[in-house]
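# Coordinate inspection notes
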Amino acid sequence: MPIHEKILSIGLLSTQTNCKVETIRYYEKIGIFPKPPRTEGGHRVYSENHLKRLVFIRRGRELGFSLEDIRALLKLIDGGANTCQQVEAITLHHIGNIHQKILDLKKLEKILAKISSQCEGGVVPECPILDALFEQNK
């Protein structure tokens, strides 16, 4: 690591990226985030490149990309042979997943609205909402 390069502890990296230390260690463990060099005392030392990569991962997660999608995007970047077409393909697949989740949520909303409309709000022990939760889907 060049002498002039900014060196970060895991705590500082965590603070600057709003990413928990445990999450950083998990990303290292699964290989999506490179393990940093260590000091003679065994402390991890992170560089500006680590910071940028973690920001990329966090932003990808905020946008709902799976860890596998992020891994694929990072593999394209790391290989240096990434094309906009490959990135677009991963993104379009993710958009398809989002559309499916929206459909599922709309269906869930209708079901819950139907169930809650049957509730009279009384104090009787019978509750159509709880009864519906006990029903087995067929």
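Structure: see above.
We now turn to the structure provided with this report.

About the thresholds
Residues numbered from 1 in each chain as written. Predicted model: local features only at pLDDT ≥ 70, side-chain atom pairs only at ≥ 80, totals over all residues. Heavy atoms only, no water. Helix = DSSP H or I, 4+ residues; strand = E, 2+ residues; numbered from the N terminus. Rg over C-alpha atoms; globule rule 2.2 N^0.38 Å. Buried < 20%, exposed > 50% of the residue type's maximum accessible area, 1.4 Å probe, protein only. Areas by Shrake-Rupley, 256 points an atom, 1.4 Å probe, with all protein chains shown as cover. Lys, Arg positive; Asp, Glu negative; His and termini not counted. Charge placed at Lys NZ, Arg CZ, Asp CG, Glu CD. Phe/Tyr/Trp six-rings, centres within 6.5 Å; stacked < 30°, edge-to-face > 60°. Axes fitted to C-alpha atoms, helices over the stretch in contact; angles between N-to-C directions. Left-handed = near helix turned anticlockwise from the far one by under 90°. Contact = heavy atoms within 4.5 Å. Nonpolar A, V, L, I, M, F, W, Y, C, P; charged D, E, K, R; others polar. Arc of directions from axis to C-beta. Salt bridge = Lys/Arg side-chain N within 4 Å of Asp/Glu carboxyl O.

## Brief notes about the overall build of the chain
For the chain, the helix and strand inventory stands at six helices and zero strands. In summary, the chain has a C-alpha radius of gyration of 23 Å against a globular reference of 14 Å for 138 residues, an excess of more than 25%. For the chain, the spread of C-alpha atoms along the principal axes amounts to about 70 × 40 × 25 Å. Among the 138 residues that make up the chain, the fraction classed as buried is 25%. Working note: accessible area of the chain is about 10500 Å², and carbon and sulfur atoms make up 58% of it. Averaged over its 20 positive side-chain charges, the chain has a centre that lies 5 Å from the centre of its 16 negative ones.

## Digging into the packing of aromatic side chains
Under the definition given, this model contains two aromatic pairs. A ring pair is formed by Y26 and Y27, whose centres lie 6.2 Å apart and whose planes are at 50 degrees; its orientation type is tilted. The class of Y26 is partly exposed, set by a relative accessible area of 42%.

## Comments concerning the packing of helix 3 (residues 48–62) against helix 4 (residues 67–79)
Here helix 3 crosses helix 4 at 140 degrees, and the two axes come no closer than 10 Å. Here helix 3 and helix 4 pass one another in a crossing that is right-handed. Two secondary-structure elements touch here, helix 3 through R53, F56, I57, G60 and R61 and helix 4 through L67, I70, L73, L74, I77 and D78. In terms of residue class, the contact of helix 3 with helix 4 is made up of seven nonpolar, one polar and three charged.

## Looking at helix 2 (residues 21–29)
Among the residues making up helix 2, those that are buried are I24, Y27 and E28. Buried residues of helix 2, viewed axially, fall in a sector of 105 degrees; they line one side. Facing away from the buried side of helix 2, by more than 90 degrees, are the exposed residues E22 and K29. Residues of helix 2 that are buried make contact with helix 1 (10–17), helix 3 and helix 4. Trailing helix 2 by a residue or two, G31 shows a phi angle of about 85 degrees, which is positive.

## A short note on the pattern of salt bridges
Applying the stated criterion across every chain, the model contains four salt bridges. Note that D78 and R53 form a salt bridge whose closest N and O atoms lie 2.9 Å from each other. Here the residue D78 occupies a position in helix 4, and R53 occupies one in helix 3, the gap between them amounting to 25 residues. The class for R53 is buried, based on a relative accessible area of 17%. Put simply, E68 and R71 hold a salt bridge, and the shortest N to O gap is 3.4 Å. Here R71 and E68 lie together in helix 4, a separation of three residues that amounts to about one turn.

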